[in-house]
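Spelled out from the first residue to the last, the chains are:
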Amino acid sequence: MISVKINHKTVKTTPEKTILEVLRKEGIDIPTLCHMQGFPPTGSCRMCVVEVKDFPGLVPSCSYPVRAGMEIQTHSNRVLEARRTILELLLATHPDDCLYCGKKEDCYLLELSSRMNVDRRPYRAVKKEMKRDIASNSIIRDNAKCILCGKCVRICEEVQQVGAIDFVNRGADTCVASAFEDSINLSTCIGCGQCIMVCPTGALQEKSYLNEVMEALNNPAKTVVVQNAPAVSVTIAQELDLDSQVEPQAVLTGILKKMGFDYVFETGFSADLTIMEESSELIERLQQGGKLPMFTSCSPGWVDYVEKFHPELRDYLSSCKSPQQMLGSLVKTFWAESQKINHDDIFHVAIMPCTAKKSEAERSDLLTGGNKDIDAVLTTREFLKLIKLHGIEVEKIESSPADTLLGKHSSAGKLFAASGGVMEAALRTAHYLITGKNMEEPEISTLRNLREHKETELKVGNYDLKVAVVYGLGAANKLLEEIKRGEEKYDFVEVMTCPGGCVGGGGQPFGADQEKIRERMEALYKIDSRQKVRFSHENESIKNIYAEFLGKPLGKKSHELLHVRRTNQ
Amino acid sequence: MIEKEKFAVVKNKYKNAGPDALIPLLQDIQGELGYLSREAITEVSKGLKLSESKIYGVASFYNQFKFNPPGKYHIQICRGTACHIKGSKTILEHLERELKIAPDQTTKDGLFSLEVVSCVGACSLAPVIVVNNKFHADVDKKKIKKIIKKIRKEELE
Ligand code: SF4
Ligand code: SF4
Ligand code: SF4
Ligand code: FES
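Residues numbered from 1 in each chain as written. Chains lettered and ligands numbered in written order. Predicted model: local features only at pLDDT ≥ 70, side-chain atom pairs only at ≥ 80, totals over all residues. Heavy atoms only, no water.

*Asks:* Sorry if this is basic, but what is going on with the overall build of chain B here?
*Replies:* A count of helical and extended segments in chain B gives 7 helices and 4 strands. Overall, chain B shows an N-to-C arrangement of helices and strands of α-α-α-α-β-α-α-β-β-β-α. Seen along its three principal axes, the alpha-carbon backbone of chain B occupies a region of about 50 × 40 × 20 Å. Looking at chain B residue by residue over its 157 residues, the buried ones come to 41%. (Helix = DSSP H or I, 4+ residues; strand = E, 2+ residues; numbered from the N terminus. Buried < 20%, exposed > 50% of the residue type's maximum accessible area, 1.4 Å probe, protein only.)

As C-alpha cells, this is what we get:
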C-alpha cells in the first residue's frame, strides 16, 4: 500500500495502478477520449490530464502509474483550461451538425462540450469535409465527425482480429479507413458494430431502417410483422427500468402492438426451432462421420468471419439458418398461406441487438425466390428511438402475449442471448434425442459465466461430447488455429461475435459495462429457471409446427426453409 | 517481365519474413512494379499476417509509395517555394484539367500520371514540370498544352 494525495485528501492505494484507475475508484470522473478499459494506454488525446505537484507538465492520468507521495489535482484551473483547449481544438474542425446527427443523445463529444461549458469559438478552422460511407448494410462511417481517437481501430484489430480499418495518410489528411480507402463494404468488415460501441462521436453509426419501418406501419396495404430477439426484451427491461417481476416480453409485445405492428412473434420461438434442427444435425454428423466440430451459425458476424478468414472451414458451420432467418422464411411461406396473405404484402421487421443482422437479411443465399425474408432489421437502439417517436408511456402499456405461428401460445427459449446459451439448449435437446430422456440437471453451470472461452465434457448416451463456447472473434480465431493445428478436438463449438454473446451486441444501448452485460445474462437465466418448459423439444408450438407442417427435423421442408447452402457473398 | 513475374521475384526474397520486413518489402515491390498494386498488398497481407488496412495505413503514411500504376508518361509538378511564387498552383490546375486526373492518379488510357513534388532543385527554371525525368522550364498554360498534345500525337503514330 502507498498513499497519495488527491485534491488534498490522503488516499491509500496499490502502486501498480494508473492514476486514472485510482481516481475512478475514488469516484472522481475524469474525461477520456482514447482510453479503453483493459487495453494498454496510447496516451494520444491528453484529455485525461491532471496536475501532479513538482511535475513540470500536466500528466496524462490514463497512462501514468501512481507513485507514493504524489499530490494530484484533478480539477485545478490549469487542468480545466488544458482540457478545455484540447476540446476546443477538436471542435474547431468538427462539423456543427448536432441537430441533425444520429448520435446527439449519446454523443460523448457533445457531452464533454456541455460538461466543460464550451461557449465560445476561440479557434476557427475549416470544418472537416469527407464523404460519408454508406455502402455497408450494417454500419455508416462519417469521417468528418471522427476525432481520430483510434478506439475503433483497436477494437477491430485487437478484439475482433478483423483489422478492417486503420489510420491512413498523415498530417491533416489522416483518417480512419480500410485499405485503398475503399468503402467499408469492400473490406474484411463483418458488420459486428463493436466499433460503433466504442466511438465517442457520431462518426460511426448503424445503418438505420427507421424510415422504412415507419412507412410500412403507415401503409394500410401492408401486414406488418415484427419479431424481437430475447436479448432485446431483457435489455429494454433494463433500459426502461421495468419491475423485475413482470415478463419483459409481455411488455415489449404490448409496446409493439400499441405502435401498430399487426403481429408480434418471438425470435425465441425460432431459436427453439434452430435448436431442434441444429442438435439433429449434430447427431447426424456424429453418426455418419460428418465434419466435426460443428460450429453454430446463429451469429452472422461469425459466419461472415469464417467465410472471409477461414473459407476452408465453411462446411464445418451448421447449415441452419439463424433464428431471425428461420422465422423470416416461415412467416412468408407457411404463415402467409395459413393467413391467406400474399407474401408480397407482408413487411417483416426484426428487432435485434446486432448490426450484422442487417447485412444477414440482405444475403443473396438467404433470399426466397429473389425476395428478402426480412425486410428491415432495427437495432435495440433504433427501437428505443421508435418508442420515443411514438411517445409511448411505458406505465400505461398493457402487457400482451406474443403471437404464435400456430395459435396456441407457449413460452420459448430465451437462453440464446447469453454466451453459452445456444450450447446449453442444444445439449439439452441432443441429450433427449440420443437417450430418449431429459437431462436430470438442465443447467450446465460451467457454461454460465462471462469468460471468453469456456468448455466442458459431457457423456450423452454412448457419446463423450467435448464442447467449447467462445465469444469475440479474437478468441474464436485462437480456437480455430488450435483446432487446425490438431491441438484441440471438439464435437461442437458455439461462437458469438460479441462480448458476452448477443446481450453485448453491437446494436445495444451505449455505455454498458461488464456489470450491465452480466445483469442481462442473469435476467435471462432467471427467465429460464422460471419457465415451465425448459427444453426446446417440449415447446408445444415447436411440436405443433413439426406435426402440422415441417414433418421432422432435417426433413425435406426443413431443408428447404430452415437450412442454407451458403454461397460466396 | 510481366507484373506477376516481377512480383514473384520479390516474394521469393521475403519468403520467411515477419512483420518487421514490411517497409523494405513494400519498397522492393514499388521498385519492381513502380507502384503497390492491390494484388501485391493482398499477398503481403497473407505473407506477413498483417491486415490489408494496416499495410495500406503504413504505406500511405509515406509519400514515396504509389497506389496507381504510373502512366507511360509520368508528369511531376514542382510545388516548391520558387515554383509556387511563379504560379505553379495554376499550372497544376491546368494539368488537372488537361488530363482530367488529380495528383497521384493515372489517366484511363494509361498514358499519363501526375505527381506533386516538393522542390526538384531547379528553381532558376521555375515553374518547372518534369516528364519522365525530362525538365520543362518556365511552363505556362500554352506550353503545357503543347507538351501533352505532342505526346498524344506521337503515341498515335
Ligand atoms: S458527433 Fe456529436 S458533436 Fe459531432 S455532430 Fe454528432 S452529436 Fe454533434
Ligand atoms: S463493424 Fe466490426 S468488423 Fe466492421 S469495422 Fe467495425 S469492428 Fe471492424
Ligand atoms: S471513428 Fe470514432 S472511434 Fe474511430 S477514431 Fe474516429 S472518433 Fe475514434
Ligand atoms: S485518455 Fe488519456 S491520453 Fe487519451
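After that view of the structure, there is still more to cover.
*Asks:* Is there a simple way to explain the site of ligand 1 in this structure?
*Replies:* Around ligand 1 sit A:His94, A:Asp97, A:Cys98, A:Cys101, A:Lys104, A:Cys107, A:Lys145, A:Thr201 and A:Gly202, and that is every residue in its neighbourhood. Looking at side-chain class alone, the shell around ligand 1 contains 3 nonpolar, 3 polar and 3 charged residues. (Near = heavy atom within 4 Å. Nonpolar A, V, L, I, M, F, W, Y, C, P; charged D, E, K, R; others polar.)

*Asks:* Sorry if this is basic, but what is going on with the sheet that holds strand E12 (residues 263–266) of chain A here?
*Replies:* Strand pairing in a sheet is mediated by backbone hydrogen bonds. Such pairs are either parallel or antiparallel. Residue and element names in this part refer to chain A. Taking strand neighbours across the sheet as the criterion, the 4 strands line up as E12-E11-E14-E15 in an open arrangement whose pairing is parallel. Strand pairing shows two members of the sheet lacking a second neighbour, E12 and strand E15 (376–379), which therefore form its edges. Going across the sheet, the axis of each strand differs from the next one's by a mean of 25°, ignoring polarity. Sitting on the sheet, helix H6 (residues 210–217) is in contact with strand E11 (223–228), strand E14 (346–352) and E15, with an inclination near 140° to E14. Running at roughly 155° to E12, helix H8 (residues 248–259) makes contact with E11, E12 and E14 of the sheet. (Pairing = 2+ DSSP bridges. Axes fitted to C-alpha atoms, helices over the stretch in contact; angles between N-to-C directions. Contact = heavy atoms within 4.5 Å.)

*Asks:* Would you explain unusual backbone geometry in this entry?
*Replies:* Peptide bonds are mostly trans, and most non-glycine residues show a negative phi. All names here are of chain A. For the bond from Leu292 to Pro293, the omega torsion is 0°, close enough to zero to count as cis. Note on placement: Pro293 falls in the loop between helix H9 (267–288) and strand E13 (294–295). Positioned with a positive phi, Asp54 is a non-glycine residue whose angle comes to about 75°. Take Asp54: it is sitting in the loop between strand E3 (49–52) and strand E4 (59–60). For Asp54, a relative accessible area of 74% corresponds to the exposed category. Located in the positive-phi region is Lys340, a residue other than glycine, with phi close to 55°. Positionally, Lys340 belongs in the loop between helix H11 (323–339) and E14.

*Asks:* In this structure, what is going on with helix H2 (residues 77–93) of chain A? I would like to understand it.
*Replies:* Because each turn of an α-helix spans 3.6 residues, side chains separated by three or four positions in sequence point in the same direction. Residues and elements named next belong to chain A. Here H2 spans 25 Å end to end across 17 residues, near enough to the 24 Å set by a 1.5 Å rise per residue. Within the span of H2, buried status applies to Val79, Ala82, Arg83, Arg84, Ile86, Leu87, Glu88 and Ala92. Taken together, the buried residues of H2 touch E3, strand E5 (71–73) and helix H3 (108–115). (Expected span 1.5 Å × (residues − 1).)

*Asks:* Please clarify how empty space enclosed by the protein should be interpreted in this entry.
*Replies:* Where empty space is left becomes clear once a probe the size of a water molecule has been rolled over the atoms. Residues and elements named next belong to chain A. Enumeration over the complete set of coordinates arrives at 6 cavities of 30 Å³ or more. In this structure, the largest cavity occupies an estimated 350 Å³ of space. Lining of the largest cavity is provided by 27 residues; of these, Cys298, Lys357, Phe416, Met496 and Cys502 occupy positions nearest its centre. Elements supplying a minimum of two residues to the lining of the largest cavity: helix H7 (230–239), H9, helix H10 (300–309), H11 and helix H12 (356–360). It is H9 that provides the largest number of residues to the lining of the largest cavity, a total of 3 residues. Here the lining of the largest cavity is composed, by residue class, of 18 nonpolar, 8 polar and 1 charged. (1 Å grid on protein atoms, 1.4 Å probe; cavity = no way out; pocket = protein on both sides within 12 Å on 5 of 7 lines; lining within 4 Å. Points joined across faces, edges and corners; volume = space filled by probe spheres on them.)

*Asks:* It is not clear to me how the pattern of salt bridges should be interpreted in this structure. Could you clarify?
*Replies:* Opposite charge on two side chains permits them to pair, given that their charged atoms come into close proximity. Residue and element names in this part refer to chain A. On inspection of all chains with the given rule, the structure shows 46 salt bridges over all chains. With its nearest N and O atoms 3.2 Å apart, the salt bridge here joins Arg115 to Glu111. One end of the pair is Arg115 and the other is Glu111, both in helix H3 and 4 residues apart, which spans about a single turn. Given the relative accessible area of 38%, Glu111 is considered partly exposed. For Glu443, the salt bridge goes to Arg534, with nearest N and O atoms at 2.9 Å. In this pair, Glu443 is assigned in the loop between helix H14 (421–435) and strand E16 (453–460) and Arg534 in the loop between helix H16 (514–530) and helix H17 (540–550), connecting sequence segments 91 residues apart. Taken together, the salt bridges that share partners define one network made up of Glu424, Arg428, Glu443, Arg448 and Arg534. (Salt bridge = Lys/Arg side-chain N within 4 Å of Asp/Glu carboxyl O.)

*Asks:* Would you explain the packing of H9(A) against H14(A) in this entry?
*Replies:* For any two helices packed against each other, one specifies the inter-axial angle together with the distance between the axes. Residue and element names in this part refer to chain A. At a minimum axis separation of 9 Å, H9 and H14 run at an interaxial angle of 60°. Helix-helix and strand crossings are classified by hand; for H9 and H14 the assignment is right-handed. On H14, the residues touching Ile275, Met276, Glu278, Ser279, Ser280 and Ile283 of H9 are Val422, Ala425, Ala426, Thr429, Ala430, Leu433 and Ile434. Across the contact of H9 with H14, the residue classes break down as 9 nonpolar, 3 polar and 1 charged. (Left-handed = near helix turned anticlockwise from the far one by under 90°.)

*Asks:* Is there a simple way to explain the interface of chain B and chain A in this structure?
*Replies:* Interfaces are often sized by the accessible area lost when the parts come together. Each partner contributes residues to the interface: chain B has 14 residues there, and chain A has 16 residues. Contact between chain B and chain A buries roughly 1200 Å² in total, counting both sides, with carbon and sulfur atoms accounting for 52%. Considering only the surface of chain B that becomes buried against chain A, B:Arg38, B:Ser53 and B:Tyr56 emerge as the three largest contributors, covering 46% of it. Connecting chain B to chain A are 3 salt bridges. One salt bridge in this structure joins B:Lys54 and A:Asp166, with 3.0 Å as the shortest N-O distance. The biggest single contributor to the side of chain B that touches chain A is helix H4 (residues 52–61) of chain B, with 7 residues. (Buried area = accessible area lost by both parts, 1.4 Å probe.)

*Asks:* I tried to follow the packing of helix H6 (residues 88–99) of chain B against helix H7 (residues 141–156) of chain B on my own but got confused; where do I start?
*Replies:* Residue and element names in this part refer to chain B. Remark: H6 packs on H7, axes separated minimally by 10 Å, with the N-to-C direction vectors making an angle of 35°. In this structure, the crossing between H6 and H7 has a hand that is right-handed. Contact with H6, carried on its side by Ile91, His94, Leu95, Glu98 and Leu99, involves Lys141, Ile144, Lys145, Ile148 and Arg152 of H7 and no other residues of that element. The residue makeup of the contact of H6 with H7, split by class, is 5 nonpolar, 1 polar and 4 charged.

*Asks:* Help me out: how do you make sense of the site of ligand 2 in this one?
*Replies:* Around ligand 2, the neighbouring residues are A:Ile139, A:Cys156, A:Val162, A:Ile165, A:Cys189, A:Ile190, A:Gly191, A:Cys192, A:Gly193 and A:Cys195. Taken together, the residues of the shell around ligand 2 sort by class into 8 nonpolar, 2 polar and no charged.

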